[in-house]
Every structure is written in C-alpha cells, then in structure tokens.
2 protein chains.
Amino acid sequence: MQETVKVAVDAMGGDHAPAEIVKGAVEAVKTREDITVYLIGRQEAVDAELAKYEYPTSRITVVHAEEVIETAESPVHAIRKKKQSSIVIGLNMVKEKEADAFVSAGSSGAVLVGGQVIVGRMKGIQRPPLASVIPTEEGASLLLDCGANVDARSVHLLQFAQMGALYMEHVIGVNNPKVAIVNIGAEEEKGNALVKETFPMLKECENINFIGSIEAREIPHGGADVIVCEAFTGNVVLKLYEGVSSVMLGVIKQGLLSTLRSKIGAILIKPALKETLKKFDASQYGGAPLLGLNGLVVKTHGSSKAKEVTNSIIQCIAFKQQRINEKIKANLEVVNEKEQRR
Amino acid sequence: MQETVKVAVDAMGGDHAPAEIVKGAVEAVKTREDITVYLIGRQEAVDAELAKYEYPTSRITVVHAEEVIETAESPVHAIRKKKQSSIVIGLNMVKEKEADAFVSAGSSGAVLVGGQVIVGRMKGIQRPPLASVIPTEEGASLLLDCGANVDARSVHLLQFAQMGALYMEHVIGVNNPKVAIVNIGAEEEKGNALVKETFPMLKECENINFIGSIEAREIPHGGADVIVCEAFTGNVVLKLYEGVSSVMLGVIKQGLLSTLRSKIGAILIKPALKETLKKFDASQYGGAPLLGLNGLVVKTHGSSKAKEVTNSIIQCIAFKQQRINEKIKANLEVVNEKEQRR
C-alpha cells in the first residue's frame, strides 16, 4: 500500500463552508484509503456537520481554529494578525510537516500570501505560480501563472513551464505534455518584450516539450497541455473564460425560453446537453495548486461544492506520492548546473 | 443633406474577396445616400463582381491595384515594397485626402503598420490603438488597444481612454460612456505596475466617465462601455472571446446531436436560439478602427461577409460627420493645457 497523505482542509473557507467542505472531506476519506484529513475550523460547527455522516472516523481529525479570514480583508494584514485563523493554522501545519498539503476555498489573497510567507518558497524558486486546470475541447490544460505574482520576468516563466510540465505529467497524467507560451501571433518574432525574451529560453530548455506560441483563440481548443504566461495575462484568461462561458450559457438559456416551441425543445435537449457540458468543466481535476512551495497549497473556487472539495483533496495524493517537489528540485538542479557550465 | 463621405475599400482583402467585399460595398451605397465608395483591386475581377448588381453607379468607382498583400507576408516589408497593392493605394488615398477612410479585411499587420506609416499619427498621439467592438450581455463594449502596439505606457492608455470614449459616444451612440481599465481585482491597489500607474491618471482625467477597474469576468456582462488595456492583454481578450464562444457552441451542438431525443429538441429550438445568438454578435457595429491617425482606417475580420463590410463602410460616415478626429484633437489640447499649467 502507498504511504498515507495528510491533508489539512480549511473548513471555514468558501461560500458553502463549513457544510460542503466537511461533506467533501468525508467523501474523500471514503473514496481513498491512503489519506487522512485535518478539518480546520470552529470545532462546534465542524463537529455538527461531521455528525451527519458515517465515515472512518480515525481518518478525520478536527483542529479548532478560533478565527476566520474574510475575503474582504487585506491578505497581508490578515495573515499577520489572525494567527488563530483556519488559513494560518493550516499553512503552519504544512510548514511544520504535520500535513503534506493544505486545501482552502477561502480568501485567494490570503492563501497566496500565506503560502509564500508561512510555507515558504523552495530554494531556487523566486515566484511560486498559481496553476489552474482549465477545460478545453480536448480535455484540460494547465494555465500558469493565474494570478500569484504580477510583473514576472522571463526566468520566472521558464520555471513555470518546468513546474507546470511536471504537474501535468505526474498529477493529471498527460504523457510528455506540450508546453506553449501565450502570445499574440504564432511566429517567434511576435509578442511583447517579455515573451520575446522568454521564447528562446523555453526553446532551449531540454526538459520540456516546448511547441512555441499559443494564441488565446486556440487555448479553448486544447492546443497545448501547459500554457505559460505572466500572472496578469493568466488571470485575465482564467476570468474571461468563466465570464464568456457563463454569458453564453445565459444567452442560450434565454433563447430556449423565448417561445413555446423552443421551451418544448429545451425539455428534450436537457439531458444530452447536461452530459456534454459536464465535459467542459475542469472541477474534476481539483483546485489550483500554488507550485514551488515547501509543501503543497491548493486553492479551490470560493463557490466550491463538496465534489470539488473532494477532488481537490484527492489531487494532493498524487502530488505527494509522485514526489512532485523532489522532481521540481531535480529539474531546477539540472538548469542550474547547465548555467554554471556556461 | 449631410456632406458625402468618401470611403476607400480594399476589394482584395479577406477570405471572401472580392465577391463579398464588392457585395458589401454595393449594399452600402444602396443603404446610404451620403457615401461614395472607391473599390481598390484588380480592375477586371472587381468589374466582374460589380456587373452582378444594380446600384447607383456614380457612387462606386473602381481603382485598379496590380498587387495584393498576402496575410503571410511580413507587414513592414510588404508595405515598403508593394506600392501597387490595394492596401498601400487605399492608405495613400486617405493620406492625400482623396478618401476620408479606408476599410480592409486584409492582412491585419499590413493595415496596422501601413496606417501608422502612410496615413500617419495625429500630432500628439504616440500610439494609435486598434479598437474593437465586442458583444456583451447588454449590447456591446469598445475594447482598446486590441493589438496595434504592445508594451504601451500609462500615457498611451490615457489617450486610448479618451479616444475610445469619443468613439463610443459619437459613432456607436452611447451617452456618457463608462470607461474602465482591465485589472485583476476591483480595488485601486490591485494590478501590475502599468495599471497601478495608469489608474490615478484615468481617475483624474476630467473628460471621461471613469468607473475604475474591470475584471475580465465582468467584460462579457457589459460592465463598462469603453475598456482600456495594453495591446497584449487586449489581443488576448479579443481572441479568447472568439475561442471560448466558438468552443462552447461546438460543445453544445455536439450535445444536441448526441441522442435522438435531443436531435428532435434541436429542431424545435433552432429558430429561437438563432435569434438570441444574433444579439451576441458585434458585427453590426462594423470593423475595428485604428484611432488617432490623420484619417480613418478600419480593419474588419478576415472572414467578413458582405454584411460586415457594409457595416464597416457605414460606420465611417458617423466618424467623419461627427468629426471624431477634431474632437480627439480638442480633447488632447485640454489635457496638454492642463499639463502646462502644472
């Protein structure tokens, strides 16, 4: 049997906390035997939710946290002041190696800041990127950086590419993932200063399968498995993806309800449509990992329901068992050695 | 009667040239009396298309152009070498005031480069932005810069905002348009270095209705009328918009055809769906103007059919009759005076 992976989960974070978070954690320990979960939050509230379920009780432990960081709070201030919050306690457990990973649907800012400040960056990693799995026609792609650090430099993007490729290969299971950089044209001479500087570095990098530029239009078609960009661009891509899909579905729904004839049609198409739209949903791959830290920190959507929480917890197993951080370290050493030889 | 507007049209540019371009031009002169069109292209080919239609012949003139710039060519090289191309001839007509505007569905790069090199920038405008009208739930928004100049600075974005607001108000007809800057969070302290520097300048600018940041998620919901960003971001937004919509429609179509039941439903919903999807299509507003030049240059989609060509030609009328360039000039003078007073 594989080693057990210990996952700390923020029971108080997200729109549906603690109910859906607790439900997701229970589902996770029932699905996988090689996992134990620490549910961090107000003991009473979490216990009350847990009491609703039958589950292997030895594999869920409640860790009391007096405070909650709200999404409206300043992340830096909150991390510094709210030492008894579920986020700070969870991140400290990863730092102290009491947990292998921390999963939160709470304040993105606090998780990003806290991940870097409390858990800390791996030696050699300057900017730990937030990596999101986005749905495509072909399945899914990993987009990074999605918003951890703006104004990154080329050397950071090179690290994003390497970390992203390892994650995509060993956690998501894509063999020899195709890596591309977001650009505004397919040719090598296109792009802004950052892309022009980064492109040849990616091209020379031996431990990734770099296929060149990807235009934003091609991203939803699944033209690349790992899509590298600076965090401002990444965040725009991620959020526009959500915005356009949601507006398109709204417009279509409005069309379906506009006439009696279309209403009847809508009833007939509903099951089939639901089935195919499910494919265009990346929540099965779990949340967004913050890569390059001394441990794993995963941010899931604030709107996460139990299923996404379960998937986010389960993705931590592969991350640990596949020793992604050791692989990242080994890859960085290869790069550093090459640089020293020059 | 209003003055007549002279529009030079690239009859050879785009996937459906010259047939759809000529058809669109014919439709334009039939729709509006205050317009004359110069169709620039191979005389024989254009004449053959024109012969298919009845129209006021005095208002369409064919201007022979021996050469065509292909989309694969280097724009800078093509503009320099192909003096007899439809794009170079058309842009020269605008430069020499023989035409008020030039419309092309041909090589984007050549139109952008040629617009700046041949027609030239207005005094005081450093980076003429490409402005695209994008569809939203509420109607449409103007996004600029969509790809004319990457690595812009804050002062350029300030000019984009002012030019965009004038265009949206006087050409598209939105009263007191709301102007926003693309950002990765709603708060003023969010963003990359460029956005942080530009935000207070937009806030202080008295001749625009600045409403603050807009997150990419809100763009399709129509949260702002004029959306300002640097060209790399703008191009990513524009192309991702197209990509996500097209993949979503594909996924939905696949769902509709997956079962017999859904196929019957699809037949019933088709007319209503087509009607509402039409609303989510910005081609009625014409092509993308390159703002801040000594004349108007409009780039329409390479895939443009007659309808979009007609709309692109017609939008030139409002641009000229509303004296957008004079208004841009007056606005810039206000800004410059203020700067001198400081």
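Structure shown above.
In this report, the structure presented in the accompanying data block is examined. Values in this document were obtained by computation on a predicted structure and should not be read as measured data.

## Regarding unusual backbone geometry
Residues and elements named next belong to chain A.
And step 1. Here Leu144 and Asp145 are connected by a cis peptide whose omega angle stands at 5 degrees.
And step 2. Here Asp145 lies in the loop between β6 (139–144) and α6 (154–172).
And step 3. We note that Asp151 has phi near 55 degrees; this positive angle belongs to a residue other than glycine.
And step 4. Asp151 sits in the partly exposed class, given a relative accessible area of 36%.
And step 5. Non-glycine residue Asn176 carries a positive phi angle of around 45 degrees.
And step 6. Note on Asn176: relative accessible area 47%, which makes it partly exposed.

## A look at the environment of Gly109(A)
And step 1. With respect to the helices, strands and loops of the structure, Gly109(A) is situated in helix α5 (residues 108–119).
And step 2. In this structure the C-alpha to C-alpha distance between Gly109(A) and Ala148(A), which are 39 residues apart in sequence, comes to 8.5 Å.

## A short note on helix α8 (residues 231–256) of chain A
All names here are of chain A.
And step 1. Between the first and last C-alpha of α8 there are 37 Å, a value that for 26 residues agrees with the 38 Å anticipated at 1.5 Å per step.
And step 2. Judged by how many residues are buried, α8 sits mostly within the fold: 20 of 26 residues are covered.
And step 3. Taking the backbone nitrogen of Phe232 as reference, a side-chain oxygen 2.8 Å away marks Glu230 as the first, capping residue of α8.

## Comments concerning the relation of the copies chain B and chain A
And step 1. With an RMSD of 0.0 Å, the fit of chain B onto chain A corresponds to turning through 180 degrees and sliding 0.0 Å along the axis. The transformation just described matches what one would write down for a two-fold rotation axis. Among all C-alpha atoms of chain B, that of Gly265(B) lies closest to the rotation axis, at 1.9 Å.
And step 2. With an isologous cut-off of 70% or more, the 100% of interface residues of chain B that recur at the interface of chain A puts this contact in the isologous class.

## Description of the pattern of salt bridges
Residue and element names in this part refer to chain A.
And step 1. Under the defined criterion, the tally for this structure stands at 16 salt bridges over all chains.
And step 2. Arg32 is paired through a salt bridge with Asp34; the nearest N and O atoms lie 3.0 Å apart.
And step 3. The class for Arg32 is partly exposed, based on a relative accessible area of 28%.
And step 4. On the basis of relative accessible area, Asp34 is assigned to the buried category, the value being 8%.
And step 5. The closest approach of N and O atoms between Lys82 and Glu73, which form a salt bridge, is 2.8 Å.
And step 6. A residue is classified by how much of its surface remains accessible, and Glu73, at 23% relative accessible area, is partly exposed.

## Quick notes on the interface of chain B and chain A
Interface size is commonly expressed as the accessible surface area that is lost when the partners come together.
And step 1. The interface is formed by 54 residues belonging to chain B together with 54 residues belonging to chain A.
And step 2. When chain B packs against chain A, close to 4,900 Å² is buried across both sides, 76% of that on carbon and sulfur atoms.
And step 3. At the boundary of chain B and chain A, one finds four salt bridges.
And step 4. Linking Glu215(B) and Lys239(A) is a salt bridge whose minimum nitrogen-to-oxygen distance equals 2.3 Å.
And step 5. Here chain B is connected to chain A by 10 residue pairs in polar contact (both at pLDDT 80 or more).
And step 6. When residues of the side of chain B that touches chain A are traced back to their parent elements, those giving at least two are β7 (178–183), α7 (193–204), α8 (231–256) and α9 (260–279) of chain B.
And step 7. If you tally residues by element for the side of chain B that touches chain A, the top one is α8(B), at 21 residues.
And step 8. Of the residues assigned to the side of chain B that touches chain A, the class counts are 30 nonpolar, 16 polar and eight charged.

## Brief notes about the sheet that holds strand β4 (residues 101–104) of chain B
All names here are of chain B.
And step 1. Read from one edge to the other, the open sheet built from six strands follows the order β3-β2-β1-β4-β11-β10, with strand pairing classed as mixed. Two strands lie at the open edges of the sheet, namely β3 (60–64) and β10 (288–290), each paired on one side alone. Averaged over all pairs of adjacent strands, the angle between their axes in this sheet comes to 25 degrees, without regard to strand direction.
And step 2. The pairing of strand β2 (residues 35–41) with β3 spans five bridges and is parallel. Within β3, the residue paired with Gly41 across the bridge is His64.
And step 3. Its contacts with the sheet put helix α4 (residues 86–95) on β1 (5–10), β2, β3, β4 and β11 (296–299), and the angle it makes with β4 is roughly 160 degrees.

## A look at the nonpolar core
Across soluble globular proteins, you tend to see nonpolar side chains buried next to one another.
And step 1. Counting residues in hydrophobic clusters, the biggest one holds 229 residues, and the most contacted among them are Leu39(A), Ile219(A), Leu39(B) and Ile219(B).
And step 2. If one sorts the elements of this core by residue count, α6(A) sits on top with 11 residues.
And step 3. The residues contacting Ile219(A), other than those within four sequence positions of it, are Ile134(A), Thr136(A), Val182(A), Ile214(A), Ile227(A), Val237(A), Tyr241(A) and Leu240(B).
And step 4. Of all hydrophobic cores here, the second largest spans 10 residues; its members include Ile269(A), Ala266(B), Ile269(B) and Leu273(B).

## Observations regarding the packing of aromatic side chains
All names here are of chain A.
And step 1. Taken as a whole, this structure holds four aromatic pairs over all chains when the rule is applied.
And step 2. Considering the side-chain rings of Phe199 and Phe210, the 5.2 Å spacing of their centres and the 75 degrees angle between planes classify their relative orientation as edge-to-face. Of this pair, Phe199 sits in helix α7 (residues 193–204) while Phe210 sits in strand β8 (residues 209–215), placing them 11 residues apart in sequence. The same class applies to Phe199 as to Phe210, namely buried.

## Focus: the packing of helix α1 (residues 19–31) of chain B against helix α2 (residues 43–50) of chain B
Think of two packed helices as two axes; the pair is described by the angle between the axes and how far apart they sit.
Residues and elements named next belong to chain B.
And step 1. Running from amino to carboxyl end, α1 crosses α2 at an angle of 55 degrees, the nearest separation of the two axes being 9 Å. Overall, the two elements α1 and α2 adopt an arrangement that is oblique. Regarding α1 and α2, the two cross each other, and that crossing is right-handed. Judged by residue contacts, Ala19, Val22 and Val26 of α1 engage Val46, Glu49 and Leu50 from α2.

## Some details on the pairing of strand β2 (residues 35–41) of chain A
All names here are of chain A.
And step 1. The element β2 is extensively covered by neighbouring structure, given that seven of its seven residues are classed as buried.
And step 2. Neither face of β2 is left uncovered, since the one carrying Ile35, Val37, Leu39 and Gly41 and the one carrying Thr36, Tyr38 and Ile40 both have all their residues buried.
And step 3. In the sheet, strand β1 (residues 5–10) pairs with β2 via six bridges, with the strands oriented parallel. By the bridge assignment, Val7 is partnered in β2 with Val37.
And step 4. Traced from β1 through helix α1 (residues 19–31) to β2, the parallel crossover comes out right-handed.
And step 5. The parallel pair β2 and strand β3 (residues 60–64), bridged by helix α2 (residues 43–50), forms a crossover whose chirality is right-handed.

Quick notes on the rules
- Residues numbered from 1 in each chain as written.
- Chains lettered and ligands numbered in written order.
- Predicted model: local features only at pLDDT ≥ 70, side-chain atom pairs only at ≥ 80, totals over all residues.
- Heavy atoms only, no water.
- Helix = DSSP H or I, 4+ residues; strand = E, 2+ residues; numbered from the N terminus.
- Buried < 20%, exposed > 50% of the residue type's maximum accessible area, 1.4 Å probe, protein only.
- Expected span 1.5 Å × (residues − 1).
- Polar contact = N/O pair within 3.5 Å; in protein donor to acceptor, adjacent residues only side chain to side chain.
- Least-squares fit on C-alpha atoms with pLDDT ≥ 70 in both.
- Contact = heavy atoms within 4.5 Å.
- Salt bridge = Lys/Arg side-chain N within 4 Å of Asp/Glu carboxyl O.
- Buried area = accessible area lost by both parts, 1.4 Å probe.
- Nonpolar A, V, L, I, M, F, W, Y, C, P; charged D, E, K, R; others polar.
- Pairing = 2+ DSSP bridges.
- Axes fitted to C-alpha atoms, helices over the stretch in contact; angles between N-to-C directions.
- Core = buried A, V, L, I, M, F, W, Y, C linked by side-chain atoms within 4.5 Å.
- Phe/Tyr/Trp six-rings, centres within 6.5 Å; stacked < 30°, edge-to-face > 60°.
- Parallel < 35°, antiparallel > 145°, perpendicular 65-115°, else oblique.
- Left-handed = near helix turned anticlockwise from the far one by under 90°.
- Right-handed = clockwise from strand over helix to strand, strands pointing away.

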